[in-house]
Each structure stands twice: as structure tokens, then as C-alpha cells.
Amino acid sequence: MDEELKCPVCGSLFKDPILLPCSHNVCLACARNIIVQTPEGETPPHSRASNSDYDYLDMDKMSMYSETDSGYGSYTPCLKSPNGVRVFPPTLVHRHCSITCPLCHRSVSLDERGLRGFPRNRLLEAIVSRYQQSRSANVKCQLCDRNPVDATVMCEQCDVFYCTPCQQRCHPSRGPLAKHRLVPPTQSPVAGGQQMPAATLRKQGTCADHDTVNFSMYCVNCKTPVCMKCLEGGKHGSHDVKPLVAMWKQHKCQLSQALNGVSDKAKDAKEFLVQLKNMLQQIQENGVEFEACLVAQCDALIEALTRQKAKLLTKVTKEREYKLKVVRDQITHCTIKLRQTTGMMEYCLEVIKENDPSGFLQISDALIKRVTSSQDQWVKGALEPKVGPEFDLTLNTDPLLQTIIQLDFVQSKDIQETPLLKQMHAGGLKDTESSGVESATVPPAPLLQLEKCCTRNNSATLAWRVSVSPSNPIEGYVLELDDGNGGQYREVYVGKETVCTVDGLHFNSSYNARVKAYNSTGVGPYSKTVVLKTSDVAWFTFDPASAHRDIVLTNENQTVSCNSYDDRVVLGTAAFSKGVHYWELIVDRYDNHPDPAFGVARINTMKDMMLGKDDKAWAMYVDNNRSWFMHNNSHTNRAEGGISKGATVGILLDLNKHTVTFFINKQQHGPVAFENLEGVFMPAVSINRNVQVTLLTGMEVPKNFKQQ
């Protein structure tokens, strides 16, 4: 109920709330701050059409006129309330003023009574008072690590109770937190810090036009309580009026009946939540069991492969031992013959040295025959190896590798059918792959043209052809890609073209692609699989299609500036869902100390507020001295060190660990593990007209990056 009791302007619990014509409430003091002066005699633009959106561009246009020329009031563009609602400086209430509801953005002109013309919501005051009393007992500090002590102060914007040390450490009185309102935890801020008596809050309301007269009737036409003087001569004299008490009981009855319907829905929602939580447990248990089965199946395959590997290694060992034995025997035989030949040669040389002719001739004939016989022993091939060093064993692993790559879960057709199978079943076609029946008339397997297949950034282009014309003409092709991790294939294209470009793939991933053809007879076999690897790093620009209309892109969409004093968001053209990515931004212009924000966001993040204000963006916003991390309008992890003209801001997105790390002039901030950082994200920036930045992409992760 907290949000129902907080003013949309100041973010604090309501104090003296007034009821606007649109049924929303604001504090009386806050209402004075958001009054806007309008030209004399001109109706506020948003009061002419109650359903039109509130556009601050109209306010920007007003500031272009001179106050002396047109009577337009000026305002301070950068002055904002703690929760992001624009707050204008206090101004004197003139005759021609209007006030705009900060929630529905409907404007209404003030009459001569000013804010006194709006009724005071005493019922809301009473509820706020009871709420404060219920929270005032024994409040403990919410930031103490151990043994929390009694809180001494509470921040109404942060909705956090602090003890004195924690407040000084985590909620300093300077910076953006200086505007937050701190109150004692047992003190109600409803009326200057003092508890207002219930009797005072619940006294009967008096008419805004007749201060001394209590409400006694209810105008059905205007849907508001009125007094008797309003009926006697006022604007409600001709309206349909009914007794106040009767309408009070009737509306209470209607509200109770409506609450009964909502209560039934809430009960159904609680039962549904119980069902979902039980499902979580079942999914967890089934997942563990299924993982165990999968591990057992894969282990069996690995064991079979290990046994086969042992057999193959045995064959290799036998072949190696055989070759080694042959070579060793040949070495031994050749060594013996070489030793004998060498000895004989040495003996012959000694014989030749002798000078006794008769003695030489006595042995020369026999010695010549011996040398000739020894020479004949070295026949052709005797000095050639009997075996080669190569192993005449060839292991063909391609079929097994292809089978392992295509190893996947089998899904029943009656549970999940691809669009092509639905078309085949509706037309009576036969899936030759599933039935195992080859038909002579089905198309042959297409041939992927590798010279035309390529990747660029995170896109892949594939081309194919059919070498043999089937008897029946081909009606189309089906291109399938896996998930980049060797997982299940999915259809990415069905049509007659033979060239297809697939965008939005993961960076630094290898995709397996295959294609098959089909005709009126059935579906042909798959082509061979081709592997395509996407870029290791991301190259991208700012996206003009998704940018706010105030954003200005130049330098081939690499440089961004803004025409508005308000923060506007622009996204990048790249989408990330896994991996680690890094990019930088150079601050080209930095005037008047604005607070630009840098980070990542989903495609549907709000484009007309600071990045990180909603739950679809994760960012760091920074001024000239400090920086903060922000998500879902909650800022944390304040760090010293700001930016100036020429500064460099780096963003490191790690979707494997679900963290974002920021670098300001190479000084690391983080990493920070944001909540719900899963899914698809785009680089994002929010700036106003005082900032201009230029994008740098295709960058590696900083070498000095520290995993904390």
C-alpha cells in the first residue's frame, strides 16, 4: 500500500493532499510547485483534450519566448524531484495559470480561488495517519549486518530505516540524496512531524465555495459533495442531487461488490502462485533426474568409445611393434655384413702393402674371388628399408562425428511439429527421412556453395544449388541452423530462394547449417553440414529507428546528441544474449554538469527518461564528480570519479556471469550483478542537450579488467 500513499511529485507520504479533477492526489505544497503560467486568454493545451499525452516539448517551446513579450513564465529544466517528476520553481498564482497532473498528464486551469478550488482529501489524510501509527513501534535499522539496532531516521523516498552510523555511511546529506526527506521513524510527517488526532482527520468536510457550511448533498452530474448553499443559488441548483449519506452507503456497497470480484481474482492468483511454486519444485526434481539419465547415456557412449579406442590402440601397437621388429632385424643383419666387409677391406689393404710378389700371388686369386663374392652380396634392395615409417591405417571418424553433432532429443510430432511438417501432413506429403523410404522422385540433397557462404559481424549468408534435376520440380528449400552451441536445429528459412542471410546471431559463436529440398512427393535428404563462425567482437552503431524523436544522430550514426533538456534514450543496433562484450563512448561535449547514463536495456525500455529509471534498463549515471549504478529507479554503489569533455566511458557486459562493469577513463567501477540481467539486451545511452558522445565498437575486453 506504500505507493498508494505517496505523492507522485515529492515521493513522500501525502501531506495536506488535494483531489484533482482527474481523481489523482498531490500534496498542497507540491501543487504550488507544479503550477504553470499560461498566456492570457489561452486554454492550456492539455485541457482541450483530456486524453492527450502530456508533452514536455510544449514546455520547452514556452521557454523560447521572452517573458516581457508574451507573458510566458520560465522554469529550470534540470530541477527534478527525487522520483523523476519535473518540479517547477514556486511562482505567484496569476489569473491565467494551470496545473498538470503528474500521473495522467491532464491539465486544468485555475480559477480565482487558485488551489482552494480543489477539495482536500481528508479520507486520504486519515489513512496516512493510521499507516504511520502502524509503523511507528520498535523499528530496527534495515542495513545493520548483525544485531540490528533501533532506527533513528527514515528516508521517505528510499523507504528505508537507518541507524545513525548506517545513515552517515549509506545515505549522505550531499549529492542526489540531499533532496530526500529524512524523518524520525516514530514521527508521522503528515502534519509537520506531529501525529494528527483521528478526530481532526475525520471531521465532516466543508464546502470549498462556502467555508463554513458542511457537505450535506451529493451532485450526481458533477460527482462531488455539495452544500445547501450550492443548491440554493449556485451552479448545482439545476443538477440531480441526492442525500449525502444515501450516496455514501450506495457507493460503499458498490465498492464492496467490486472488491469482492477483485478478491476472487486475488485468490485465484494466490492459488496460481502456489501451483507455479509447486511446478518449480517438480521442474527442479525432473531436471535433476533427467540430467542423471542424460549423463548415464552419454557415459555409456563414452565407455563404448573408450573400449573401441582401446581396441584401435591395440591394433596400432601391433603395427608399431611389427615395424620396429623388421627395422631392428634389418639393422642387425646390415651391421654384421658391414663389419665383415670392413674387416675384409682392411685385410686386403694390408695385403696390397706387401712387396713379396710370390707371396701375394699365392693368395691373390682366392682373395679376388672373395672380394667379388662379397660385392655380389650387396644386391639391389639390400640397402633399402623393408617397411616405411608411415602407418597404413586410416580411421574414418566423419560419420561418427556427424552423428555426435546431430545427437539430440527426439520429439513426438503430435507434440511439436515444424511449419514444414504441418504443411506436409495437411497436403498428404511423405517425410522420407522419418519413414526411411527413399523415393526416386524426391529432390536430391542440395550442395552448399562454400565459396558463397560467409559471415559478417553477427549475420550469416548461405547459398546452395541442386546438381541433379529431379523428375518433379522443386517447390522450395528448408534452411536449418543450430543454436551456436551444437544444440538442436531450427528452421530459419522456408522458400524457393537459393540464397539466404540470417541476422541476429550470437557473436563469437560457431553455427552448423544444413539445407534440404522438398516437392509434391516429399522431402529430400539434408545437405552436408557447413560451419559458420560469427565475429569475435561486436561492430554496431546507434539505431535511429528506436531512438527518441529528440535524439540527433550524425557521423554515420556513431555520434549522438539531443535537442531537449530532458534525458532521452537511444539504443544500439546490436542485440546481445550471451557472451562477453565491450564498447566505449567518448564524451565530445559536456556542459552545465548534466547526468548522462550509459549501460544496456531491453528494446521496450522507456525512451523519455533517464536510462535505468524503469525495470528494463541497467545503467551507470555520472556527473563531473561521482557515479552511481541504477536499475528500476534505484541507485546504488556510489563511486568517486566523474566525467568531463574528452572523457572515455567503457561498458563491459558479461552475460555469462550476468554482470555489468563500467570504466571511466580506464578506471574500473564494478562489476555489479544486476537483478534479472537475462535475455536480449542492446547497448543504450541517455543524454540531454548538454551532452554529446561518440560510439567506439569492435573492441577487446580491457587487459587490466579485474574479476571481483
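About the cut-offs
- Residues numbered from 1 in each chain as written.
- Predicted model: local features only at pLDDT ≥ 70, side-chain atom pairs only at ≥ 80, totals over all residues.
- Heavy atoms only, no water.
- UniProt positions renumbered as here; feature names shortened; annotations may be inferred.
- Helix = DSSP H or I, 4+ residues; strand = E, 2+ residues; numbered from the N terminus.
- Buried < 20%, exposed > 50% of the residue type's maximum accessible area, 1.4 Å probe, protein only.
- Areas by Shrake-Rupley, 256 points an atom, 1.4 Å probe, with all protein chains shown as cover.
- pLDDT = per-residue confidence, 0-100.
- Contact = heavy atoms within 4.5 Å.
- Pairing = 2+ DSSP bridges.
- Axes fitted to C-alpha atoms, helices over the stretch in contact; angles between N-to-C directions.
- Parallel < 35°, antiparallel > 145°, perpendicular 65-115°, else oblique.
- Left-handed = near helix turned anticlockwise from the far one by under 90°.
- Nonpolar A, V, L, I, M, F, W, Y, C, P; charged D, E, K, R; others polar.
- Salt bridge = Lys/Arg side-chain N within 4 Å of Asp/Glu carboxyl O.
- Phe/Tyr/Trp six-rings, centres within 6.5 Å; stacked < 30°, edge-to-face > 60°.
- Lys NZ or Arg CZ within 6 Å of the ring centre and 35° of its normal.
- Polar contact = N/O pair within 3.5 Å; in protein donor to acceptor, adjacent residues only side chain to side chain.

Going by the annotation in an unreviewed UniProt entry, the name recorded for the protein chain is E3 ubiquitin-protein ligase TRIM9 isoform X1, with Salmo salar given as the source organism. Checking UniProt for the protein chain, the heading Subcellular location (unreviewed entry) contains the comment "Cytoplasm, Cytoskeleton".

Engineer: How do you make sense of the overall build of the protein chain when you look at a structure like this?
Structural biologist: Of regular secondary structure, the protein chain possesses 13 helices and 32 strands. Counting all 708 residues of the protein chain, 37% fall into the buried class. Per element, the accessible surface of the protein chain, about 41800 Å² overall, is 54% carbon and sulfur.

Engineer: Quick question: what am I supposed to make of the confidence of the model for the protein chain here?
Structural biologist: When pLDDT drops low, the exact placement of atoms in the prediction is not to be read closely. In this model, the protein chain carries an average pLDDT of 78, and 81% of its residues clear a pLDDT of 70 or more. Low pLDDT (under 50) marks residues 411–439, which in the prediction has 36 contacts with non-local residues, meaning those over four places away or in another chain.

Engineer: Looking at this structure, how should I read the sheet that holds strand β21 (residues 559–562)?
Structural biologist: Adjacent strands of a sheet form backbone hydrogen bonds with each other and so pair up, either parallel or antiparallel. If you walk across this open sheet you meet the seven strands as β20-β21-β32-β23-β28-β29-β30, and the pairing is antiparallel. In this open sheet, the two edge strands, each paired with only one partner strand, are β20 (551–554) and β30 (667–672). Strand-to-strand twist across the sheet, computed as the mean angle between neighbouring axes with direction ignored, equals 20 degrees. Direction of pairing for strand β23 (residues 580–590) relative to strand β28 (residues 648–654): antiparallel, over a ladder of seven bridges. Looking across to β28, one finds that V580 is bridged to D654.

Engineer: Would you mind showing me how to read the packing of helix α9 (residues 244–353) against helix α10 (residues 357–377) here?
Structural biologist: For any two helices packed against each other, one specifies the inter-axial angle together with the distance between the axes. Relative orientation of the contacting elements α9 and α10 amounts to 155 degrees, with a least axis distance of 11 Å. When the axis of α9 is compared with that of α10, the two are roughly antiparallel. For the crossing formed where α9 meets α10, the hand is left-handed. Contacts between α9 and α10 involve K337, T341, M344, Y347, C348 and V351 from the former and F360, I363, L367, R370, V371, S374 and Q377 from the latter. Classifying every residue of the contact of α9 with α10 by side-chain character gives eight nonpolar, three polar and two charged.

Engineer: Just checking my understanding: could you explain unusual backbone geometry for this structure?
Structural biologist: Most peptide bonds adopt trans geometry, and most residues besides glycine take a negative phi value. Positioned with a positive phi, N555 is a non-glycine residue whose angle comes to about 55 degrees. Position of N555 among the secondary structure elements: in the loop between β20 and β21.

Engineer: Can you walk me through the pairing of β28 in this structure?
Structural biologist: Remember that side chains alternate between the two faces of the sheet whenever the strand is regular. Within β28, seven of the seven residues are buried, leaving the element largely enclosed by the surrounding structure. Every second residue of β28 is oriented toward a common face, with T648, G650, L652 and D654 on one face and V649, I651 and L653 on the other, all of them buried. Note: β28 against strand β29 (residues 659–664), six bridges, orientation antiparallel. Looking at the pairing, V649 lines up with I664 of β29. The antiparallel pairing of β28 with β29 creates a hairpin that spans four residues between the two strands, and H658 there sits at a positive phi of about 60 degrees.

Engineer: Would you explain the pattern of salt bridges in this entry?
Structural biologist: Pairs can form between side chains of opposite charge once their charged atoms are near each other. For the structure on display, the rule yields eleven salt bridges. A salt bridge links E303 to R307, with the nearest nitrogen and oxygen atoms 3.3 Å apart. Here the residue E303 and the residue R307 both occupy positions in helix α9, the gap between them amounting to four residues, near one helical turn. You can call R307 partly exposed: its relative accessible area is 48%. When the shortest N-O distance is used, the salt bridge between E319 and K323 registers 4.0 Å. Remark: K323 and E319 occur in helix α9; sequence separation between them is four residues, near one turn of the helix. By relative accessible area, E319 is classed as partly exposed at 23%.

Engineer: So what exactly am I meant to see when it comes to the sheet that holds strand β9 (residues 217–219) here?
Structural biologist: Spatial ordering of the open sheet is given by β10-β9-β11, a layout of three strands whose pairing is antiparallel. With one partner strand each, in any of the chains shown, β10 (224–226) and β11 (241–243) form the two edges of the open sheet. Along the sheet, successive strands turn relative to each other by an average axial angle of 40 degrees, direction set aside. One ladder, built from three bridges, connects β9 with β10; its direction is antiparallel. Pairing of Y218 across the sheet is with P225, part of β10. Packing against the sheet, α9 makes contact with β9, β10 and β11, and its axis sits at approximately 85 degrees to β11.

Engineer: I would appreciate a short explanation of the environment of L103 in the present structure.
Structural biologist: On the secondary structure map, L103 appears in the loop between β4 (97–100) and β5 (107–109). Sequence separation between L103 and N25 is 78 residues, and the spatial gap between their C-alpha atoms is 9.3 Å. Dropping the residues within four chain positions of it, L103 is found in contact with P8 and H24.

Engineer: Explain the packing of aromatic side chains here, please?
Structural biologist: The relation between two aromatic rings is expressed through the spacing of the ring centres and the mutual angle of the planes. Inspection of every chain in the model, using the stated rule, returns ten aromatic pairs. Look at F540 and W583: their rings are 5.9 Å apart centre to centre, the planes differ by 80 degrees, and that puts the pair in the edge-to-face class. Linking F540 in the loop between β19 (530–533) and β20 with W583 in strand β23, this pair joins segments that are 43 residues apart in sequence. Considered together, F540 and W583 belong to a single accessibility category, that of buried residues. In textbook terms, an aromatic cluster arises when at least three aromatic residues are bridged by ring pairs, as seen for F507, F540, F576 and W583. When the ring centre of Y489 is taken as reference, the NZ or CZ atom of R514 above it lies at 3.8 Å. Cation over ring: R514 sits above Y526, and NZ or CZ is 3.7 Å from the ring centre.

Engineer: Explanation requested: the side chain of T697 in the structure shown.
Structural biologist: Considering the arrangement of structural elements, one finds T697 in the segment after β32 (691–696). Given the relative accessible area of 14%, T697 is considered buried. Within the structure, the side chain of T697 is placed 3.5 Å from the backbone nitrogen of F540, a separation counted as a polar contact. In contact with T697, not counting residues within four places along its chain, are A538, W539 and F540.

Engineer: What am I meant to see in the side chain of N688 here?
Structural biologist: Among the structural elements, N688 can be located in the loop between β31 (682–687) and β32. Setting aside chain neighbours within four positions, we find N688 in contact with C562, S564, Y565, D566, D567 and P594.

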